[in-house]
Structure formats: C-alpha cells, structure tokens
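# Notes for the structure review
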Amino acid sequence: MYLVKTPWLLKKLYPNLLWDVNADTRCIYLTFDDGPIPIVTPFVLNILKQYNAKATFFCIGDNVSKHPDVFEQVKNDGHAIGNHTFNHLKGWDTEDQTYLNNFLQADKLLNTNLFRPPYGRIKKSQVKLLKEAKPGLKVVMWNILSADFDMNVEPEKCLDNVLINTRSGDIVLFHDSLKAKERIEYALPRALEIWSREGYVFNCLNLDL
C-alpha cells in the first residue's frame, strides 16, 4: 500500500523531515534510490545529462562497495549523494542500534549529510540517534512517488503519476534499480522532455533547503 502524493497530514505529523522545497523558481528535485548499479544508473545519468538536470542519488552502501566506478560517475557528473543505509534496512523492523550502525557503515563510504530511510519507514527514536551521531543530518522523504518499483504498474502509469501530480518544489522519487528498469526507462526521459518544455529546471538537494 502506497500513495503517489504524500498527504499533508503525514507531513504535518513529521515536520522535521524534508518532504518538499519552497522553490522561488520552477524547479523539480529529482531523487533516485537504491543504486548505484551497472546499466540502470548509467542510463539515468545519461538521460539527466541530456536535459542538463542535476539530481540526488540516495545510495546503498553495499552497492557503492560493489560498484565504485558507477558511484564515481554519479559524483563526477555533479549530482548530490545521500545515504540509504548499507543494506536497505526497514527502520520499523530494525532495532535502533542496529539501524544506526548500518547507517554509519554506509556513511564511511558516502560522507553526506543527506539521508533517506529505505521504504520511507523510520522511527522517531532512530531519527534522533542518527542526528546525534551526524549533526546537521537532513532526513529527506518525498512528495511524489513514481511507483516505478512496482512491477505490477505499467510504465505509462508511472509517467502519469509524476506528470499529473508534480508541482514546483516537489521532491520526486524514482529508483535506479533493476526492479524499476522497465518503468524508469520509459517514464524518466518523457517526463524530463515535458517538464523542460514547461520551463522547469532540475536541481540537487542541499543542506540550505
């Protein structure tokens, strides 16, 4: 069960998490979870480059250790990096200290003050622990979910999800993963083409937000 657009009530219940951005310009904040991996991440990077788009990649530490060349490509292309834990842990099902340790294991490779909890599931106690361990940490969620991870969703539906719902300042979630490959290959270039025609720009998230 998931919602394409995050309800305002959920954002109100967790005001210390970043859901969207007050943008002065027509700007969309593209984010990608679960990489870096061969094939899919380079595809995403190539499409972003075609539209002069910058994005934020929330990386799994284990994938970074397995594919350091792909990780370097993400950084060299000027995109922002976020921590997504070392083993894609679901916070609700994980003991707090184990969660913290896994976050810190990934942090040794990523060294970033941006973090997104896998599945969007994190306890308030875990947020507190992470911020104590990494002062200045920004926990980033999203306002628009493409649903590209859902293998029962048609690629055309993923495109509709982002085009119909996205507005300026929204944080949009895609996945550079094998599971999402078919849907992101269809939806991402088409969405970028349409948004670009509409005058949007695409920026990284940063700590000033």
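A brief report on the enclosed structure follows. (Residues numbered from 1 in each chain as written. Predicted model: local features only at pLDDT ≥ 70, side-chain atom pairs only at ≥ 80, totals over all residues. Heavy atoms only, no water.)

## Digging into the packing of helix α2 (residues 40-50) against helix α4 (residues 68-76)
Using the following cut-off: A fitted line through C-alpha atoms serves as each axis, taken over the contacting stretch for helices, and the angle formed by two N-to-C directions is quoted from 0 to 180°. Secondary structure follows DSSP: runs of H or I at least 4 residues long count as helices, runs of E at least 2 residues long count as strands, and numbering of each begins at the N terminus. Roughly parallel refers to an angle under 35 degrees, roughly antiparallel to one over 145, roughly perpendicular to one between 65 and 115, and oblique to any angle outside these ranges. Working rule for handedness: look at the near helix, and if it is turned counterclockwise from the far one by less than a right angle, call the crossing left-handed; if clockwise, right-handed. Working rule for contacts: check all heavy atoms of both residues, and any pair within 4.5 Å makes them a contact. Each residue receives one of three labels: charged for Asp, Glu, Lys and Arg, nonpolar for Ala, Val, Leu, Ile, Met, Phe, Trp, Tyr, Cys and Pro, and polar for the others, Gly being one of them.
Interhelical geometry of α2 versus α4 gives an angle of 15° and a closest axis separation of 10 Å. The angle between α2 and α4 falls in the class roughly parallel. Every pair of crossing elements has a handedness; the one defined by α2 and α4 is left-handed. For the pair α2 and α4, contact is made by Thr-41, Pro-42 and Leu-45 and by Val-70, Gln-73 and Val-74, respectively. Considering only residue class, the contact of α2 with α4 consists of 4 nonpolar, 2 polar and no charged.

## Things to note about the layout of surface pockets
Selection rule: Only protein atoms enter the 1 Å grid, on which a cavity is a set of points fitting a 1.4 Å probe that cannot get out and a pocket is an open set with protein on both sides within 12 Å along at least 5 of 7 lines, lining residues being those with an atom within 4 Å of a point. Grid points are joined across faces, edges and corners, and a volume is the space filled by probe spheres set on the points.
In this structure, the largest pocket occupies an estimated 890 Å³ of space. Taken together, 30 residues form the lining of the largest pocket, with Tyr-2, Tyr-119, Gly-120, Arg-121 and Trp-142 sitting closest to its centre.

## Quick word on α2
For clarity, the threshold we go by: Buried, partly exposed and exposed residues are distinguished by accessible area as a fraction of the type maximum, computed with a 1.4 Å probe on protein chains only: under 20%, between the cut-offs, and over 50%, respectively. The arc in question is traced by the directions running from the helix axis to the C-beta atoms.
The set of residues buried in α2 consists of Val-40, Thr-41, Val-44, Leu-45, Ile-47 and Leu-48. For α2, the angular spread of the buried residues around the axis is 165°, confining them to a single face. Within α2, the exposed residues directed more than 90 degrees away from the buried face are Lys-49 and Gln-50. Buried residues along α2 sit against β1 (27-33), β2 (56-59), α4 and α8 (181-197). Positive backbone phi, at 50°, marks Asn-52, one or two positions downstream of α2.

## Quick look at the packing of aromatic side chains
This is how the line gets drawn: Each aromatic pair joins two rings of Phe, Tyr and Trp (for Trp, the six-membered one) with centres within 6.5 Å, and gets the label stacked for planes under 30 degrees apart, edge-to-face for over 60, and tilted for any other angle.
In the structure shown here, the tally under the stated rule is 6 aromatic pairs. Judged by centre distance (5.1 Å) and plane angle (20°), the rings of Phe-32 and Phe-57 are stacked. Taken as a pair, Phe-32 in strand β1 and Phe-57 in strand β2 lie far apart in primary sequence, 25 residues in all. Like Phe-32, the residue Phe-57 is buried in the burial classification. Here Tyr-99 and Phe-115 contribute two aromatic rings whose centre-to-centre distance is 6.3 Å and whose plane-to-plane angle is 85°, an arrangement assigned as edge-to-face.

## Structural notes on the environment of Gln-105
You can see Gln-105 is positioned in helix α5 (residues 96-110). Taking the C-alpha atoms as reference, Gln-105 lies 6.2 Å from Phe-86; in sequence the two are 19 residues apart. Excluding residues that lie within four positions of it along the chain, Gln-105 makes contacts with Phe-86 and Asn-87.

## Here we look at unusual backbone geometry
With omega at 0°, the peptide bond leading from Gly-35 into Pro-36 counts as cis. Within the secondary structure, Pro-36 sits in the loop between β1 and α2. Phi is positive for Asn-111, close to 50°, though the residue is something other than glycine. Structurally, Asn-111 is set in the loop between α5 and β4 (114-115).

## What to know about the side chain of His-88
To keep things clear, this is the line we draw: As used in this structure description, the phrase polar contact means that two N or O atoms lie within 3.5 Å; if the pair is within protein, one of them must be able to donate a hydrogen and the other to accept it, and residues adjacent in sequence are counted only when both atoms belong to side chains.
Looking at where His-88 falls in the secondary structure, it is placed in the loop between β3 (80-83) and α5. In this structure the side chain of His-88 is engaged in a polar contact, spanning 3.1 Å, whose partner is the side chain of Asp-34. For His-88, the side chain forms a polar contact with the side chain of Tyr-119, separated by 3.3 Å. Dropping the residues within four chain positions of it, His-88 is found in contact with Asp-34, Ile-60, Pro-118 and Tyr-119.

## Some remarks on the environment of Tyr-51
For Tyr-51, the position within the fold is in the loop between α2 and β2. For Tyr-51, a relative accessible area of 24% corresponds to the partly exposed category. In the structure, Tyr-51 is positioned 132 residues away from Arg-183 in sequence and 19 Å away in space, judged by C-alpha atoms. Those residues in contact with Tyr-51 that sit more than four places away from it in its chain are Pro-189, Leu-192, Glu-193, Ser-196 and Phe-202.

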